[in-house]
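# A look at the structure
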Amino acid sequence: MFRAVRLSTSGIRSLTQTRPCYSAPLASRCYSHAKVETDEEFDARWVTYFSKPDIDAWELKKGMNTLIGYDLVPEPKILDSALRACRRLNDLASAIRILEAVKDKSGPHKDIYPYLIQELQPTLIELGISTPEDLGMDIL
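Residues numbered from 1 in each chain as written. Predicted model: local features only at pLDDT ≥ 70, side-chain atom pairs only at ≥ 80, totals over all residues. Heavy atoms only, no water.

Under the annotation held in an unreviewed UniProt entry, the protein chain carries the name Cytochrome c oxidase subunit 5A, mitochondrial and is attributed to Salvelinus namaycush. Word for word, the UniProt comment on the protein chain under Subcellular location (unreviewed entry) is "Mitochondrion inner membrane". (UniProt positions renumbered as here; feature names shortened; annotations may be inferred.)

Printed below as a string of structure tokens:
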């Protein structure tokens, strides 16, 4: 299977000799024909996904897992829609997990999570959802 290759001294020299280098202009190819999605279209797609009246718990968790997997922090309107889906399913645990995931996703940027909570506060009050900080889960 593995064969020993024996190079003569002239063979080694031919490998190390410099050859003229021709630089041709590189052709740029665009392999993707997909339309680039704008931020507004992205937000609308996820709001529509979470606003489905027949969404079930698996779809909610799958959607949040996919959304958190992106390299972004979701907009408040997407989170509002996801929290309302949690309320329709009577799934308080998932609502709190969403808030925890967003806090974790905010990472070292300490001003993002308070902004999101500020924007979501009317929804949280309307739906009766407590934040992880209200429940004392941030102390652990």
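### Concerning unusual backbone geometry
At Asn90, a residue that is not glycine, the phi angle is positive and equals roughly 55 degrees. Position of Asn90 among the secondary structure elements: in the loop between helix 4 (76-88) and helix 5 (92-106). Given the relative accessible area of 60%, Asn90 is considered exposed. (Helix = DSSP H or I, 4+ residues; strand = E, 2+ residues; numbered from the N terminus. Buried < 20%, exposed > 50% of the residue type's maximum accessible area, 1.4 Å probe, protein only.)

### Topic: the confidence of the model for the protein chain
Across the protein chain, the average pLDDT comes to 85, with 76% of residues at 70 or higher. Within the protein chain, helix 1 (residues 9-16) has the poorest average pLDDT of any element, 52, and helix 4 the best, 97. Note on residues 1-7: pLDDT under 50 across the span, and 2 contacts to partners over four residues away in sequence or across chains. (pLDDT = per-residue confidence, 0-100. Contact = heavy atoms within 4.5 Å.)

### Thoughts on the pattern of salt bridges
Counted under the stated rule, the structure contains 7 salt bridges. Between Glu59 and Lys52 there is a salt bridge, with the nearest N and O atoms lying 3.5 Å from each other. With a relative accessible area of 26%, Lys52 lands in the partly exposed category. Glu133 is the partner of Lys103 in a salt bridge, and the nearest nitrogen-oxygen pair spans 2.9 Å. Here Glu133 lies in the segment after helix 6 (112-127) and Lys103 lies in helix 5, a separation of 30 residues in the sequence. The exposure class of Lys103 is partly exposed, given its relative accessible area of 35%. (Salt bridge = Lys/Arg side-chain N within 4 Å of Asp/Glu carboxyl O.)

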